[in-house]
Structure formats: structure tokens, C-alpha cells
Amino acid sequence: ARAQAMEVEERPTVTYADIGGIDDQVREVREAVEMPLIDPERFDTVGIEPPTGVLLHGPPGTGKTMLAKAVANETDATFIKMAGSELVRKFIGEGARLVRDLFELASEHEPAVIFIDEIDAVAAKRTDSKTSGDAEVQRTMMQLLSEMDGFEERGDVSIIAATNRYDMLDRAILRPGRFDRLIEVPKPDIEGREQIFAIHTRGMNLADDVDFEALAEMAEEFSGAEIESLTTEAGMFAIRDERTEVRMADFEEAFEKVTEDESPGTPIAF
Ligand code: ATP
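Bear in mind the structure is a predicted one, so any value in this text is a computation, not a measurement.

Novice: So what about the UniProt feature "binding site: ATP" (unreviewed entry) in the protein? Which residues, and what values?
Specialist: Per the UniProt record, the feature "binding site: ATP" (unreviewed entry) sits at Gly61, Thr62, Gly63, Lys64, Thr65, Met66 and His200. Turning to its location among the elements, Gly61 is positioned in the loop between strand E2 (53-57) and helix H4 (64-74). Among all residues touching Gly61, those that are not within four sequence positions of it are Ser223, Gly224 and Ala225. One can find Lys64 in helix H4. The contacts of Lys64, once residues within four sequence positions are left out, are Leu56, His57, Gly58, Pro59, Phe115, Ala162, Thr163, Asn164 and Val185. Only 3.2 Å separates the side chain of Lys64 from the backbone oxygen of Gly58, close enough to count as a polar contact.

Encoded structure:
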């Protein structure tokens, strides 16, 4: 059961160079996760505690999972991913049990990065009757907080959580010693989009007329994930046309296709 709910990657291959447009967020994650591992004395000298948990928040598809994977890569850590929705279980004690298993697995694989996606599934405000009215969900969250309280004895385990619904979170999880480092990961601005186009077309056979600046302008409000889909779609147009090179016109057609029935900014369905 453990293997089903958790996704373990011995060493992710994502690097910081694969992430475009969020340089400040990359720096903040590095400070919060890498520095305490590499140079703990720095925190001692200044006389502050390193952050316990990092919370990444922002719209879907902006690179939150990538950030967590890249930091695991950089620190030679095992990446262990768990979806918050997986922690919501029917039977009493099952969610809490999974949380214990998760932290146990991480300590067996030190150094490790625990990544909990959709943390809002277990950490929504109490006023939200649909989710957190559930006492069982509440218990699972308490188990998570208690595992985090025991952090110091655990050694080289970092914890990163992510949410698209920051406003829904129970503020109790944001207290010092818990998720005490907040990093907002927004949709990319025009320069960010240009970088992300460059990253996702690195392996593509591009014609000379492909203009990243124009593409970035066109893809207003797109997330990184949507830009990735757009580049794939452009490649499909080239294939359909039996060409080996992808032209600007392919990107334009791809753009028309993905914005036809979807307004910009909504996830692209294939
Ligand atoms: P969600 O909230 O939906 O889980 P997320 O923020 O965790 O989304 P990722 O899973 O990191 O998003 O991104 C999905 C894919 O989109 C990545 O694998 C990558 O290909 C692309 N992508 C997203 N953001 C970026 C970015 N900033 N730079 C480059 N690629 C990106």
C-alpha cells in the first residue's frame, strides 16, 4: 500500500537550468533547503533556526514540483512525493499511518526530500465544512505536524509542500517550526515565458523564423506547463505536414488550436 501512495525517485534528473522565469524562487528554495544541509554553521552563527518546512504556493503548472525535484537532485537526495489527496482515507487511523510511513521511508533514505503536493487536502481551514469538518482529516494533519515537530532528531530530511489554494489553508500549519518558509510561485512574466519557450524547444529542430520574444508575447497568461504543451503541439503540426523542422507558423497554429475552445490560462486538454 505504501508504494502505491508514494512516489519515490532515487535521484531526480531535473536541474535548476530546466526551470525558467522563477529565479528568485529558485534562490529562496536553495537558501531554505540546501544551505541548512551544506552550511548549518551559518544559521548557528547568526543565531536563527533554519526553516523547518517550505510551502510553495501558486497556480497549477508553474514549476512547484520541478523546484522540489531540482533541490533533491542538487543535494543528492531521494525524492519522495505524496499527494495530499492520498492522505485522505476512509478508515480511522489510515491517513496518520501513511504519514508515519512517509517519514519513516524518508529517514531510511537520507538525505531525502519529502514533497507533499495538494497539502490543502489535509490542511484546509476548519471553517471549510466539506473537507476539514472531517475529524479523520484533522487527525492526519495533526500527525503531520507532530512528525515535523520531531524534525531535529531526524537529520537530513527536508519537507516541501505545495498548494494552489493558499487562502484555504489552516494557519496552524504556517507557524514557526512548521511550514515556516512561504514561497509564492507565480505564472511567468513575458521574460519568463521567453526563457521557458527556450527551455522546452532545446531538443527541437527549429526553423530560423521561430521568434521566442513573439511567442512569449502571444502566450500571455500561460503557465510553464501550458507553454510545454504548446511546443509539443507545434511539433505535431510539423509532423502532420511531414516536415522535420518546426516553423513559427506551427507555433501559431498550435496557439490557435489550444486557445480555440479554451480561454488562455486554462489547462490544455490533449
Ligand atoms: P501543480 O500545481 O499542477 O502540481 P506544479 O506547479 O507543480 O503544478 P510542475 O509539475 O512543476 O507544476 O510543472 C509541470 C510541467 O510544466 C513541468 O514538468 C515542466 O515541463 C513545465 N513547467 C512548469 N513550470 C515551468 C517553468 N517555470 N520552467 C520550465 N518548465 C516549466
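Novice: Just give me the short version of the site of the ligand, but keep the residues and values in it.
Specialist: Gly61, Lys64, Thr65, His200 and Glu228 are the nearest of the 17 residues found near the ligand. Between the ligand and Gly61 there is a distance of 2.8 Å, counted from an oxygen atom to a backbone nitrogen or oxygen. At 3.1 Å, a backbone N or O of Thr62 approaches an oxygen atom of the ligand. At the level of secondary structure, the elements contributing two or more residues to the shell around the ligand comprise H4, helix H9 (190-200) and helix H11 (224-240).

Novice: Tell me about the packing of helix H2 (residues 23-38) against H4, residues and numbers included.
Specialist: Viewed as axis vectors pointing N to C, H2 and H4 meet at an angle of 50°, and their least axial separation amounts to 10 Å. Taken as axis vectors, H2 and H4 run oblique relative to one another. Crossing of H2 over H4 shows right-handed handedness. Between H2, through Gln25, Val26, Val29, Arg30, Val33 and Glu34, and H4, the contact on the second element is made entirely by Leu67, Val71 and Glu74. Looking at side-chain class alone, the contact of H2 with H4 contains five nonpolar, one polar and three charged residues.

Novice: Explain the packing of aromatic side chains residue by residue, including any values.
Specialist: Summed over the entire model, instances satisfying the criterion amount to two aromatic pairs. A centroid spacing of 5.9 Å and a plane angle of 25° characterise the contact between Phe79 and Phe115, whose relative ring orientation is stacked. With a gap of 36 residues between them, Phe79 in strand E3 (residues 78-83) and Phe115 in strand E4 (residues 112-117) connect regions that are remote in the sequence. Relative accessible area serves as the criterion here: at 0%, Phe79 is assigned to the buried category. Residue Phe115 is classed as buried on the basis of its relative accessible area of 0%.

Novice: Can you lay out unusual backbone geometry for me, pointing to particular residues and giving the numbers?
Specialist: Omega for the bond connecting Glu110 with Pro111 falls within 30 degrees of zero, at -10°, which places this linkage in the cis form. Mapped onto the secondary structure, Pro111 falls in the loop between helix H5 (94-108) and E4. For Asp76, which is not a glycine, the phi torsion comes out positive at approximately 55°. For Asp76, a relative accessible area of 47% puts it in the partly exposed group. At Glu242, a position not held by glycine, the phi torsion is positive, near 55°. In this structure, Glu242 sits in the loop between H11 and helix H12 (248-260). Note on Glu242: relative accessible area 74%, which makes it exposed.

Novice: Any chance you could break down the environment of Ser223 for me, citing the residues and the numbers?
Specialist: Looking at where Ser223 falls in the secondary structure, it is placed in the loop between helix H10 (212-218) and H11. For Ser223, a relative accessible area of 3% corresponds to the buried category. Through-space distance from the C-alpha of Ser223 to that of Leu145 is 31 Å; in sequence the pair is 78 residues apart. Contact partners of Ser223, with chain neighbours within four places excluded, come to Pro60, Gly61, Thr62 and Pro188.

The rules behind each value
- Residues numbered from 1 in each chain as written.
- Predicted model: local features only at pLDDT ≥ 70, side-chain atom pairs only at ≥ 80, totals over all residues.
- Heavy atoms only, no water.
- UniProt positions renumbered as here; feature names shortened; annotations may be inferred.
- Helix = DSSP H or I, 4+ residues; strand = E, 2+ residues; numbered from the N terminus.
- Contact = heavy atoms within 4.5 Å.
- Polar contact = N/O pair within 3.5 Å; in protein donor to acceptor, adjacent residues only side chain to side chain.
- Near = heavy atom within 4 Å.
- Axes fitted to C-alpha atoms, helices over the stretch in contact; angles between N-to-C directions.
- Parallel < 35°, antiparallel > 145°, perpendicular 65-115°, else oblique.
- Left-handed = near helix turned anticlockwise from the far one by under 90°.
- Nonpolar A, V, L, I, M, F, W, Y, C, P; charged D, E, K, R; others polar.
- Phe/Tyr/Trp six-rings, centres within 6.5 Å; stacked < 30°, edge-to-face > 60°.
- Buried < 20%, exposed > 50% of the residue type's maximum accessible area, 1.4 Å probe, protein only.

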